[in-house]
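# Fold and contact review
Each chain, written out:
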Amino acid sequence: MTDERAVAIDLDGALGDTRRLWGDWLASATLVLGVDPGSLPDDRARAAAELDERGAGNWRTLLERFSEERAPVYLRRDARSATALRALAASGRAVGVFTDAPEPLARVALAQLGADRSVAALETGAGALERLLERLGEDALVVRTRAELDGAAA
C-alpha cells in the first residue's frame, strides 16, 4: 500500500540550499540598503523582518533580481530530485515546499531547480512549515533531505 498523504518539502534541505545565495546578496546589497549584513540575525525570517523594520526600501525586488541573475551559479537541477517531484505530483499527492528564505528568493530557486510546476503550495519566512501543514493537512509527510524525498516518491 502506498502512502497517500500530502508531502511538505524543505527547500533548502531536500531540493537546493539557498543560504549562500542569500548571504552573497546581503553582502552585495550593503551599500544600497545601508544595512550591515553582520548586524542581521542568521535566521532569514528574522533578518527579513528587520530589513522591513529598518525601512530597507525595495529589498525584496533587489533580492529577486539578484537571485534571477545568479541562481544558475548557486543552484543546480538534480535529476533524482526532479524525478521524485514528478512522481509525487503524478501520484495525485499534494506537494508543498517550505523555507525560512524570503518569498522572492524561494520562488526563483524553485524555478531554477525545475520544481515550480510540481509544487502546489509554497510557504516562506517565519512559521512556514506550520502554515504549509495547515494548508496540506497536519498528517502531511515532512521531507527534510534528498534521501527522504527519494523515499517519499518510491
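See the structure printed just above.
The structure contained in this document is the topic of the report that follows. (Residues numbered from 1 in each chain as written. Predicted model: local features only at pLDDT ≥ 70, side-chain atom pairs only at ≥ 80, totals over all residues. Heavy atoms only, no water.)

### Here's the deal with the overall build of the protein
Our working definition: The numbering of helices and of strands both runs from the N terminus, where a helix is a DSSP run of H or I of at least 4 residues and a strand a run of E of at least 2. Note that the radius of gyration is over C-alpha atoms, with the globule rule given as 2.2 Å times the number of residues to the power 0.38.
On a plain count of helices and strands, the protein comes out with nine helices and four strands. Its helices and strands taken in sequence order, the protein reads β-α-α-α-α-α-α-β-α-β-α-β-α from the N to the C terminus. Its C-alpha atoms give the protein a radius of gyration of 16 Å, within 12% of the compact-globule value 15 Å for 154 residues. The principal-axis extent of the C-alpha atoms belonging to the protein is close to 55 × 30 × 20 Å.

### Some remarks on helix α5 (residues 59-74)
Spelled out, the test is: Bend is the name given here to the angle between axes fitted to two runs of seven residues, the run ending at a residue and the run starting at it. Note on exposure labels: buried denotes an accessible area under 20% of the residue type's maximum, exposed denotes more than 50%, and partly exposed covers the range between, all computed with a 1.4 Å probe on protein chains only. Throughout, a residue-residue contact means that at least one pair of heavy atoms, one from each residue, lies within 4.5 Å.
Maximum bend of α5: about 45°, positioned at E68, with proline P72 one to four residues after it. Residues W59, L63, F66, S67, A71 and Y74 constitute the buried set of α5. Looking at the buried residues of α5, the elements they touch are α2 (19-28), α3 (30-33), α4 (44-53) and α7 (103-112).

### Description of helix α6 (residues 79-90)
Heads up, the condition is: An expected span of 1.5 Å times one less than the residue number is assigned to each helix. Within this analysis, the arc is defined by the directions that extend from the helix axis to the C-beta atoms.
If you check α6, its first and last C-alpha atoms are 16 Å apart, about what 12 residues at 1.5 Å a residue would give, namely 16 Å. Buried within α6 are the following residues: S81, A82, A84, L85 and L88. Buried residues in α6, looked at end-on, bunch into an arc of 160°, giving them a common side. Turned more than 90 degrees from where α6 packs its buried face, A79, R80 and A90 sit exposed. Buried residues along α6 sit in contact with β1 (7-10), α1 (11-15), β2 (95-99) and α9 (146-153). Downstream of α6 by one or two residues, G92 has phi in the positive range, about 90°.

### Regarding the pairing of β1
To keep it simple, the criterion reads: Between any two strands, pairing holds if DSSP finds at least two bridges.
Burial along β1 is two-sided: V7 and I9 facing one way and A8 and D10 facing the other are all buried. Looking at chain direction, β1 and strand β4 (residues 141-143) are connected through three bridges and run parallel. Bridging from a neighbouring strand, V7 pairs with L141 of β4.

### A short note on the side chain of S118
Mapped onto the fold, S118 is located in the loop between α7 and β3 (121-124). You can call S118 buried: its relative accessible area is 14%. Ignoring anything within four residues of it in the chain, the contact list for S118 reads L85, R86, A89 and V95.

### Quick notes on the packing of aromatic side chains
Our working rule: Planes of paired rings set the category: under 30 degrees apart is stacked, over 60 is edge-to-face and the rest tilted, where pairs are Phe, Tyr or Trp rings (Trp by its six-membered ring) whose centres lie within 6.5 Å.
On inspection of all chains with the given rule, the structure shows three aromatic pairs. Between W22 and W25, the aromatic rings sit 5.5 Å apart at their centres with planes inclined by 40°, giving tilted as the arrangement. Of this pair, W22 and W25 both sit in helix α2, separated by three residues, roughly a single helical turn. Note on W25 and W59: the rings are 6.1 Å apart at their centroids and 40° apart in plane angle, and the pair reads as tilted. Taken together, the positions of W25 in helix α2 and W59 in helix α5 put the pair 34 residues apart, joining distant regions of the chain. Grouping residues by exposure puts W25 and W59 together as buried. Aromatic rings pair up to connect W22, W25 and W59 into one cluster.

### Notes on the packing of α5 against α7
Formally: Lines fitted to C-alpha atoms define the axes here, with helix axes fitted over just the stretch in contact, and angles between the N-to-C directions of these axes take values from 0 to 180 degrees. By definition in this entry, angles of less than 35 degrees are roughly parallel, angles greater than 145 are roughly antiparallel, angles of 65 to 115 are roughly perpendicular, and the rest are oblique. Should the near helix be turned counterclockwise from the far one by less than a right angle, the crossing is left-handed, whereas a clockwise turn marks it as right-handed. Each residue is assigned to one of three groups, with Ala, Val, Leu, Ile, Met, Phe, Trp, Tyr, Cys and Pro labelled nonpolar, Asp, Glu, Lys and Arg labelled charged, and all others, Gly among them, labelled polar.
One way to put it is that α5 packs onto α7 with a least axis distance of 8 Å and a crossing angle of 20°. Judged by the inter-axis angle, α5 sits roughly parallel to α7. Crossing of α5 over α7 shows right-handed handedness. Residues R60, L63, E64, S67, E68, A71 and P72 of α5 pack against P104, L105, V108 and Q112 of α7. Partitioning the contact of α5 with α7 into residue classes produces six nonpolar, two polar and three charged.

None of the figures reported here should be taken as evidence of function without further support.
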